[in-house]
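# A structural walkthrough
Here is what each chain is made of, one letter per residue.
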Amino acid sequence: STKNWTVRSSGTTAGERLNLAAEEKGQWNLRIDQVGLSTDQLAEVRKVAADTAGVVLVATPRSNGRTTTLYAMLHLHDAFTNSVQTLETNPQAELEGVTINRFDTRNADVSYAKALASMFLKDPNVVLSAQCPDAAAADAIARFGADNRRVYVGLPAFDTFAALEIWLSLVTDKSLA
């Protein structure tokens, strides 16, 4: 099979550190039935995706398939009849029909919440926010999701309760959370 290799290097006190990662070609283009969900889980995910409003939290520990799952969730929406957009620091793939917005962490003038607000002005139907770094971003996401839009949010968490705890701690208006 074809692999793409990502090489990252960084200086350390002990010298140079290299990190090699092999990615299977097409791993980011999986459908929801290919990400390892049980039949019952798959049915629930399809039900959730059929609703076109609200916020869906997708939470996993780091490097446990969160981005792959988020991308698979986007495939449940027709990107040709819906405006589907993402906001990501490091987009992993180009998805057919999906507008990918890159968040530049080096630009101190634009916060994640401002980048979200700018993207929301384009009136998308479905949004993927790869992260939710602060309360301002969470508030923007919660308001947009309450406005008859679907927002998928990636959160680093070990279980459902931890994800809910993070989300509730971030969103200022608890009735929107």
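As a reminder, the structure under discussion sits directly above these lines.
Anyway, here's the lowdown on the structure attached to this text. (Residues numbered from 1 in each chain as written. Predicted model: local features only at pLDDT ≥ 70, side-chain atom pairs only at ≥ 80, totals over all residues. Heavy atoms only, no water.)

### Overview of the overall build of the protein chain
- Each helix and strand counted, the protein chain has five helices and seven strands in total.
- Going from the N terminus to the C terminus, the protein chain shows its helices and strands as β-β-α-β-α-β-β-α-β-α-β-α.
- If you sum the accessible surface of the protein chain, you get close to 10500 Å²; carbon and sulfur atoms cover 49% of it. (Helix = DSSP H or I, 4+ residues; strand = E, 2+ residues; numbered from the N terminus. Areas by Shrake-Rupley, 256 points an atom, 1.4 Å probe, with all protein chains shown as cover.)

### Details of the packing of aromatic side chains
- In total, this model carries two aromatic pairs according to the counting rule given.
- Aromatic pair Phe 103 and Tyr 112: ring centres 5.0 Å apart, planes at 75 degrees, arrangement edge-to-face. Each member of the pair, Phe 103 as well as Tyr 112, carries the same accessibility label: buried.
- Taken together, a centroid distance of 3.9 Å and an interplanar angle of 5 degrees make the contact between Phe 120 and Phe 144 stacked. Taken as a pair, Phe 120 in helix α3 (residues 112–120) and Phe 144 in helix α4 (residues 135–146) lie far apart in primary sequence, 24 residues in all.
- On the accessibility criterion, Phe 144 (8% relative accessible area) is buried. (Phe/Tyr/Trp six-rings, centres within 6.5 Å; stacked < 30°, edge-to-face > 60°. Buried < 20%, exposed > 50% of the residue type's maximum accessible area, 1.4 Å probe, protein only.)

### Quick look at the sheet that holds strand β7 (residues 150–156)
- One open sheet holds the five strands; their spatial order is β3-β7-β6-β4-β5, and the pairing between them is parallel. Edge positions in the open sheet fall to β3 (54–60) and β5 (98–102), since each of these has one partner strand only. Taking the axes of each pair of neighbouring strands and ignoring which way they run, one obtains an average angle of 20 degrees across the sheet.
- Of the pairings in the sheet, the one linking strand β6 (residues 126–129) to β7 comprises four bridges and is parallel in character. Looking at β7, one finds that Ser 129 is bridged to Val 153. (Pairing = 2+ DSSP bridges. Axes fitted to C-alpha atoms, helices over the stretch in contact; angles between N-to-C directions.)

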